[in-house]
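# Coordinate inspection notes
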Amino acid sequence: MTNEQNNYFQHESGHIILANIFKDVFDVEFVTVNEEISKKLDPLSKGGMKAKARKKNTELTINENDYLILIFLGGLCADDINENDEINDAFFEMSTWGPKLSKQKYSGDNYYINRHFQLIKESVNLDWETYIGSSIKLVYSILQNPIIRNTIKQLEAEIKKSINNTLQNEQINNTIAQSELSKWIDENYKSILSERKKLLSN
């Protein structure tokens, strides 16, 4: 896997990790850093993930829309962690993440983030800047955890030796089963849900 492919994988790994935390609402079919395969998903992309929500938008709860936003923020946050030695409070400010989200690279993620935010706003009065800032802060804290970083390294090793640099759902699940991610989720899932419910109840 080239350095460029690794950069794309780091982005997709953020989505994969968050998708596994919130697997009840999101289903990943495969992840790839094969440019030919990726361009079938997005003509502008050299790496990608084929996935979808488990419910129609009209069936999603407020909390499920929130979890999907966290999944779509995973790529941006993974990129920042990969590209910077330190993540500080400035990364949580709209002046930092706003311009990034508007870049072509994040156009797909940004579309779905905005889409699900609007669905939340139909029921909850939320401030965009505060909501996204706090959401990004949570995703950073998850992806910087040593257990999560080790899981990403294990997934990276698997995609390097996989056919066409592509991991199918079963391969992703098998790799994660050999990591400590499931244990970490068991220990932290309830506190994450509690924090998100508190945010959405304000």
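See the structure above.
These lines cover the structure that appears in this document, whether it is placed above or below. What you see is a predicted model, and the numbers here were worked out from it, not measured in a lab. (Residues numbered from 1 in each chain as written. Predicted model: local features only at pLDDT ≥ 70, side-chain atom pairs only at ≥ 80, totals over all residues. Heavy atoms only, no water.)

### Considerations on the layout of surface pockets
- There is about 780 Å³ of room inside the largest pocket.
- For the largest pocket, the lining is made up of 27 residues, of which D42, M49, G108, D109 and Y112 are closest to its centre.
- As a volume, the second largest pocket reaches approximately 320 Å³.
- Forming the boundary of the second largest pocket are 19 residues, of which A19, N20, I21, K23 and N173 lie nearest the centre.
- For the lining of the second largest pocket, the secondary structure elements donating two or more residues are α1 (3-21), β1 (26-32), α8 (169-177) and α9 (181-201).
- Sorting elements by how many residues they give to the lining of the second largest pocket places α8 first, with five residues.
- Counted by class, the lining of the second largest pocket contains 10 nonpolar, four polar and five charged residues. (1 Å grid on protein atoms, 1.4 Å probe; cavity = no way out; pocket = protein on both sides within 12 Å on 5 of 7 lines; lining within 4 Å. Points joined across faces, edges and corners; volume = space filled by probe spheres on them. Helix = DSSP H or I, 4+ residues; strand = E, 2+ residues; numbered from the N terminus. Nonpolar A, V, L, I, M, F, W, Y, C, P; charged D, E, K, R; others polar.)

### Quick notes on the packing of helix α6 (residues 128-143) against α9
- Running from N to C, α6 and α9 point in directions that differ by 170 degrees, and their axes come no closer than 12 Å. Relative to α9, the element α6 lies roughly antiparallel. Only W184, I192, E195, R196, L199 and L200 of α9 make contact with α6, whose side of the interface consists of Y131, S134, S135, L138 and I142.
- Broken down by class, the residue content of the contact of α6 with α9 amounts to seven nonpolar, two polar and two charged. (Axes fitted to C-alpha atoms, helices over the stretch in contact; angles between N-to-C directions. Parallel < 35°, antiparallel > 145°, perpendicular 65-115°, else oblique. Contact = heavy atoms within 4.5 Å.)

### Comments concerning the packing of aromatic side chains
- Within this structure, the stated rule accounts for 10 aromatic pairs.
- When the ring of F26 is compared with that of F72, the centres are 5.8 Å apart and the planes differ by 80 degrees; the resulting orientation is edge-to-face. Residue F26 is located in strand β1, and its partner F72 is located in helix α3 (residues 62-83); the two are separated by 46 residues in the primary sequence.
- Judged by its relative accessible area of 5%, F26 is buried.
- Looking at F72, the relative accessible area reads 12%, which means it is buried.
- With a centroid separation of 6.1 Å and 85 degrees between ring planes, the pair formed by F91 and Y140 is classed as edge-to-face. (Phe/Tyr/Trp six-rings, centres within 6.5 Å; stacked < 30°, edge-to-face > 60°. Buried < 20%, exposed > 50% of the residue type's maximum accessible area, 1.4 Å probe, protein only.)

### What about the side chain of D109?
- Mapped onto the elements, D109 comes out in helix α5 (residues 107-121).
- We note that D109 is buried and unpaired, the nearest opposite charge coming from K105 at a distance of 8.7 Å.
- Here the side chain of D109 touches H15 through a polar contact of 3.4 Å, side chain to side chain.
- Among residues more than four places away in sequence, those in contact with D109 are H11, H15 and F72. (Lys, Arg positive; Asp, Glu negative; His and termini not counted. Salt bridge = Lys/Arg side-chain N within 4 Å of Asp/Glu carboxyl O. Polar contact = N/O pair within 3.5 Å; in protein donor to acceptor, adjacent residues only side chain to side chain.)

### Regarding a negative patch on the surface
- There is a patch of like negative charges on the surface, built from D89, E93, D127 and E129.
- Take E129: it is sitting in helix α6. (Patch = residues over 30% accessible without salt bridge, like charges linked within 9 Å, V, L, I, M, F, W, Y side chains within 5 Å. Areas by Shrake-Rupley, 256 points an atom, 1.4 Å probe, with all protein chains shown as cover. Charge placed at Lys NZ, Arg CZ, Asp CG, Glu CD.)

### Concerning the pattern of salt bridges
- Tallying each qualifying case throughout the model produces nine salt bridges.
- The salt bridge partner of E35 is K39, with a shortest N-O separation of 3.8 Å. Placement of the pair is E35 and K39 together in helix α2 (residues 35-41), with a separation of four residues, close to one helical turn.
- A relative accessible area of 37% places E35 in the partly exposed class.
- Between E158 and K161 there is a salt bridge, with its nearest N and O atoms 3.3 Å apart. Linking E158 with K161, this pair stays in helix α7 (residues 146-161), spanning three residues, or about one helical turn.
- On the basis of relative accessibility, which here comes to 27%, the residue E158 falls in the partly exposed class.

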